[in-house]
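Summary of structural features
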Amino acid sequence: MSDLNAILEPGMLVRHPERPDWGVGQVQSNVGGRITVNFREEGKVVIDGARVALLPVIEP
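Treat the numbers as computed from the prediction; the structure is a model and nothing was measured.

Before going further, it helps to examine the environment of arginine 15. Tracing the chain through its elements places arginine 15 in strand E1 (residues 13-15). On the basis of relative accessible area, arginine 15 is assigned to the partly exposed category, the value being 37%. Put simply, arginine 15 and leucine 55 are 40 residues apart on the chain and 5.1 Å apart in space, counted from C-alpha to C-alpha.

This is the structure in structure tokens:
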């Protein structure tokens, strides 16, 4: 799991680097490197944090 994935907490906003069409997602949980994210355009997805480094989103 990347260092950035390790700090992701429920409520944080992220993007999937390989799926920009999914839009911004909100982290639901981060347990044992499995990150559940609810994306605006894709719905709920479980991400393997060892394979994908999610990108934090800072929205004003």
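In this structure, histidine 16 sits in the loop between E1 and strand E2 (25-31). Among the polar contacts listed, one links the side chain of histidine 16 to the backbone nitrogen of glutamate 18, at a separation of 3.1 Å. What histidine 16 contacts, discounting residues up to four positions off in sequence, is Trp22, Phe39, Ile47, Val52 and Leu54.

Sheet architecture is open: five strands sit in the order E4-E3-E2-E1-E5, paired in antiparallel fashion. On the outer flanks of this sheet lie strand E4 (43-48) and strand E5 (55-56), each paired with one strand and no other. Both E1 and E5 contribute to a ladder of two bridges, which runs antiparallel. Paired with arginine 15 across the strands is leucine 55, a residue of E5.

According to the stated counting rule, one finds one aromatic pair in the structure shown. Arranged with centres 5.1 Å apart and planes meeting at 55°, the rings of tryptophan 22 and phenylalanine 39 form a pair that is tilted. Within this pair, whereas tryptophan 22 is found in the loop between E1 and E2, its partner phenylalanine 39 is found in strand E3 (residues 34-39), the two being separated by 17 residues in sequence. Neither tryptophan 22 nor phenylalanine 39 differs from the other in exposure class; each is buried.

With that settled, consider the pairing of E3. Of the strand pairs in this sheet, E2 and E3 are connected by six bridges, and their pairing is antiparallel. Along E3, the bridge assignment pairs valine 31 with arginine 34. In this antiparallel pair of consecutive strands, E2 and E3, the connection spans two residues, and glycine 32 shows a positive phi of 60°. Where E3 meets E4, six bridges bridge the pair, whose relative direction is antiparallel. Residue arginine 34 lies in a different strand from E4, and its bridge partner there is aspartate 48.

About the thresholds
- Residues numbered from 1 in each chain as written.
- Predicted model: local features only at pLDDT ≥ 70, side-chain atom pairs only at ≥ 80, totals over all residues.
- Heavy atoms only, no water.
- Helix = DSSP H or I, 4+ residues; strand = E, 2+ residues; numbered from the N terminus.
- Buried < 20%, exposed > 50% of the residue type's maximum accessible area, 1.4 Å probe, protein only.
- Polar contact = N/O pair within 3.5 Å; in protein donor to acceptor, adjacent residues only side chain to side chain.
- Contact = heavy atoms within 4.5 Å.
- Pairing = 2+ DSSP bridges.
- Phe/Tyr/Trp six-rings, centres within 6.5 Å; stacked < 30°, edge-to-face > 60°.

In short, the description is geometric, and any link to function would need to be established separately.
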